[in-house]
Structure formats: C-alpha cells, structure tokens
Amino acid sequence: QVRLVESGGGLVQAGGSLRLSCAASGRTFSSYAMGWFRQAPGKEREFVAAISWSGGTTYYPDSVKDRFTISRDNAKNTVYLQMNSLKPEETAVYYCAAAIATRTMATMTYEYDYWGQGTQVTVSS
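Residues numbered from 1 in each chain as written. Predicted model: local features only at pLDDT ≥ 70, side-chain atom pairs only at ≥ 80, totals over all residues. Heavy atoms only, no water.

Asker: Account for the overall build of the chain, naming residues and giving values.
Answerer: Across its full length, the chain holds 0 helices and 11 strands. Listed N to C, the secondary structure of the chain is β-β-β-β-β-β-β-β-β-β-β in terms of helices and strands. With respect to the three principal axes, the spread of C-alpha positions in the chain is 40 × 25 × 25 Å. In the chain, which comprises 125 residues, the proportion classed as buried is 45%. Relative to all contacts within the chain whose residues are 6 or more apart in sequence, the contacts with residues 24 or more apart total 59%. When the accessible surface of the chain is summed, it comes to about 6200 Å², and 46% of that surface belongs to carbon and sulfur atoms. Where the 12 positive side-chain charges of the chain centre and where its 10 negative ones centre are 6 Å apart. (Helix = DSSP H or I, 4+ residues; strand = E, 2+ residues; numbered from the N terminus. Buried < 20%, exposed > 50% of the residue type's maximum accessible area, 1.4 Å probe, protein only. Contact = heavy atoms within 4.5 Å. Areas by Shrake-Rupley, 256 points an atom, 1.4 Å probe, with all protein chains shown as cover. Lys, Arg positive; Asp, Glu negative; His and termini not counted. Charge placed at Lys NZ, Arg CZ, Asp CG, Glu CD.)

Asker: Give a detailed account of the layout of surface pockets, specifying residues and quantitative values.
Answerer: Put simply, the largest pocket is a space of about 170 Å³. Among the residues forming the lining of the largest pocket, the class breakdown is 2 nonpolar, 3 polar and 8 charged. (1 Å grid on protein atoms, 1.4 Å probe; cavity = no way out; pocket = protein on both sides within 12 Å on 5 of 7 lines; lining within 4 Å. Points joined across faces, edges and corners; volume = space filled by probe spheres on them. Nonpolar A, V, L, I, M, F, W, Y, C, P; charged D, E, K, R; others polar.)

Asker: Which residues make up the side chain of R72, and what are the values?
Answerer: By secondary structure assignment, the location of R72 is in strand β7 (residues 68-73). Of the side chains bearing the opposite charge, D73 lies closest to the buried R72, which forms no salt bridge; the N-O distance is 8.4 Å. Within polar-contact distance, the side chain of R72 engages the backbone oxygen of S52 at 2.8 Å. (Salt bridge = Lys/Arg side-chain N within 4 Å of Asp/Glu carboxyl O. Polar contact = N/O pair within 3.5 Å; in protein donor to acceptor, adjacent residues only side chain to side chain.)

Asker: Help me get a handle on the state of the cysteines, residues and values and all.
Answerer: One pass over the full model with this rule turns up 1 disulfide. Two residues share a disulfide in this structure: C22 and C96, whose sulfurs sit 2.0 Å from each other. In this structure, the disulfide formed by C22 and C96 twists by about 50° around the S-S bond and is classed as right-handed. Of this pair, C22 sits in strand β3 (residues 18-26) while C96 sits in strand β9 (residues 92-99), placing them 74 residues apart in sequence. (Disulfide = S-S within 2.5 Å.)

Have a look at this one:
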C-alpha cells in the first residue's frame, strides 16, 4: 500500500510559477516510478511528467517540456513538480501517482497503481 499526499497548489497569474510536492508513505519509495497528471473540468486526465525510481530519467509531453521539471528526493520520500511559465489553460487538479511495478518510466494512467487526492492549480489570465 502507498499513500500519496500532494501540496503546493494555489492561484498564480499567467506566466508565474508553482512548485508541487507529493509525499509518499508505505512501500520503499526508491523502488518505483512516479508521475504527475492533471485533470481539468470536463476533460480526461492528462499525463504531465514521469520520473524513474532513481530520478535519472524523466519524460514530459511536448505541451510542458522546457517549462515543467519533475524531480524526486528518495531520502525524503517526496516527488516534486516545478512549473514555470504557467498558462490559464493549465488550470486543473494536479495528481501525483505511483507505478509500483515500474522502476523506469510510466506515462499512461493504467500503469499507475496509487494516486493522491490532488491539488488545485488555478492560473489566472
């Protein structure tokens, strides 16, 4: 069992930055991949970033590449998402997720076994 708790969401103006955190408890944090997703009202959950168990490999969709950075601190059982140059259309609930069976990379929702409760990010224009 893995419990995930996100924090760091809030209201930011377009072009601004936010840093999300996700604290994990349960299984050995350094043994599985982690990811971030987002879901806007009326839309499907969308992949945002993924990171391997060691933090050595990361992956982003083109929509956030060069603006978002995922990282992890295995000593603190925490994964982060630094978001820069935010856009109003990126307003959504942001979720972190754990892919227990994967040590390398996971980009699809079905690859993830545990999800946090989400944190709201609102980008004003």
